[in-house]
Amino acid sequence: MTPRAETPQVGGPQQQDRDTVIVGWTVYAPDAPAAKMPLRTTDGAVIRGVRCEITGEPGDWGRSPFTGTRGPIQFAADRVTG
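Residues numbered from 1 in each chain as written. Predicted model: local features only at pLDDT ≥ 70, side-chain atom pairs only at ≥ 80, totals over all residues. Heavy atoms only, no water.

Visitor: Looking at this structure, I do not really get the overall build of the protein chain. What am I missing?
Guide: The number of helices and strands found in the protein chain is one helix and five strands. For the protein chain, the succession of helices and strands along the chain, N to C, is β-α-β-β-β-β. Taking all 82 residues of the protein chain together, the buried fraction comes to 23%. Contacts in the protein chain between residues far apart in sequence, at least 24 positions, make up 51% of those at least 6 positions apart. A total of about 6000 Å² of accessible surface is found on the protein chain, and carbon and sulfur atoms cover 56% of it. (Helix = DSSP H or I, 4+ residues; strand = E, 2+ residues; numbered from the N terminus. Buried < 20%, exposed > 50% of the residue type's maximum accessible area, 1.4 Å probe, protein only. Contact = heavy atoms within 4.5 Å. Areas by Shrake-Rupley, 256 points an atom, 1.4 Å probe, with all protein chains shown as cover.)

Visitor: Teacher, can you tell me more about unusual backbone geometry here?
Guide: Most peptide bonds adopt trans geometry, and most residues besides glycine take a negative phi value. Here the phi dihedral of Arg-48 falls at roughly 50 degrees; this positive angle occurs in a residue that is not glycine. Its place among the elements puts Arg-48 in the loop between β3 (44-47) and β4 (50-60). Its relative accessible area of 62% is what places Arg-48 among the exposed residues.

The following block contains the structure:
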């Protein structure tokens, strides 16, 4: 898991129209064969005790061409405040 933050361009239309700050994480979750429940953008996750929304489409890293092992599932999780 890596932290992620979005900052609107200073003086741009997003900064003038929005008073929220988006703080989020990029999550790399193991792809467990027993948990074949796909992630959707309508799902949520609790990260470090904070309820987050999954944004965008989750990415599947697939199998390694060298070892054949499964890679992680990557998704963005955002917390909106303001």
